[in-house]
Amino acid sequence: MLAEDQTMEKTMYVPILKWRQGEYLAVGRTRETIKDWMYPLFEIPVEQWDFENDAPAKSLDDHLKNVGKRLSTNWKKRRCLFDSPHLAGDDTMANGDHHLARVFDLARASACQAIPVTGLGRHLVYQQAVASIIAQDGRGCALRLIPDDLEGNPSAKIDGVMHLLA
């Protein structure tokens, strides 16, 4: 569901990268001519775990606070995809905002052109966050399918998600 102006006129490489330091720095160090052929999909990983205290090593707020700055530094104003399949679909920040909404607020504040990614089995709260991002940014979204999504009647499932996002 990419916006109409996003038709891919040339072959693009879509690497799926964890939003970890080594991966976003590697993208940042890639030559500009190579970046012209890339459309990265960044996945927000689960926060690191503090096994001694049996709790996350840092809060979700701290985990995500530098996304916009790091995206701006390493990918600049190029379009990219953002997904968070490893976090709970209803995870929120300390202020109650959905975690994906926060990522996109930070990306917008840094003039980055991120596009949300969703899937068929995502939590309703996640789908609502994606719908809100689509309405605000007008860049559409990407639908990420897994093999199980193709069983049964995939068209009806896809139609259902598209209806939620419209």
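Scroll up for the structure.
Residues numbered from 1 in each chain as written. Predicted model: local features only at pLDDT ≥ 70, side-chain atom pairs only at ≥ 80, totals over all residues. Heavy atoms only, no water.

> It is not clear to me how the sheet that holds strand S5 (residues 79–83) should be interpreted in this structure. Could you clarify?
Each strand in a sheet pairs with its neighbour through backbone hydrogen bonds, running either in the same direction (parallel) or in the opposite one (antiparallel). Pairing is parallel in the open sheet, where five strands are placed in the order S1-S2-S5-S6-S7. A strand with exactly one partner marks an edge of an open sheet, and here the two such strands are strand S1 (16–18) and strand S7 (142–143). In terms of strand pairing, S1 meets strand S2 (residues 41–43) through three bridges, oriented parallel. Paired with Leu17 across the strands is Phe42, a residue of S2. Along the sheet face, helix H6 (residues 124–137) touches S5 and strand S6 (113–118) and points at about 150 degrees away from the line of S6. (Pairing = 2+ DSSP bridges. Helix = DSSP H or I, 4+ residues; strand = E, 2+ residues; numbered from the N terminus. Contact = heavy atoms within 4.5 Å. Axes fitted to C-alpha atoms, helices over the stretch in contact; angles between N-to-C directions.)

> Just checking my understanding: could you explain the nonpolar core for this structure?
The tendency in soluble globular proteins is for nonpolar side chains to be buried side by side. Among the nonpolar cores identified, the biggest contains 32 residues, and Phe42, Leu71 and Phe82 are the most heavily contacted of them. At the level of elements, helix H1 (21–28), helix H3 (60–64), helix H4 (67–75), S5, helix H5 (99–109), H6 and helix H7 (154–165) are the ones that each hand at least two residues to this core. Residue contacts for Leu71: discarding those within four places in its chain leaves Trp19, Phe42, Lys76, Cys80, Phe82, Ala107 and Cys112. (Core = buried A, V, L, I, M, F, W, Y, C linked by side-chain atoms within 4.5 Å. Buried < 20%, exposed > 50% of the residue type's maximum accessible area, 1.4 Å probe, protein only.)

> Just to check I follow, could you spell out the packing of aromatic side chains for this structure?
Aromatic ring pairs are described here by two measures, namely the spacing of the ring centres and the angle between the planes. This model, assessed by the stated rule, comprises five aromatic pairs. Considering the side-chain rings of Trp19 and Phe82, the 5.3 Å spacing of their centres and the 55 degrees angle between planes classify their relative orientation as tilted. Of this pair, Trp19 sits in the loop between S1 and H1 while Phe82 sits in strand S5, and the two are 63 residues apart along the sequence. Exposure class is identical for Trp19 and Phe82. Each is buried. Here the aromatic rings of Phe82 and Phe104 are separated by 6.4 Å at their centres, their planes lie at 80 degrees, and the arrangement is edge-to-face. Here Phe82 is found in strand S5, whereas its partner Phe104 is found in helix H5, with 22 residues between them in sequence. The exposure class assigned to Phe82 is buried, which follows from its relative accessible area of 1%. The rings of Trp19, Tyr24, Phe42, Phe82 and Phe104 are connected pair by pair, giving a single aromatic cluster. (Phe/Tyr/Trp six-rings, centres within 6.5 Å; stacked < 30°, edge-to-face > 60°.)

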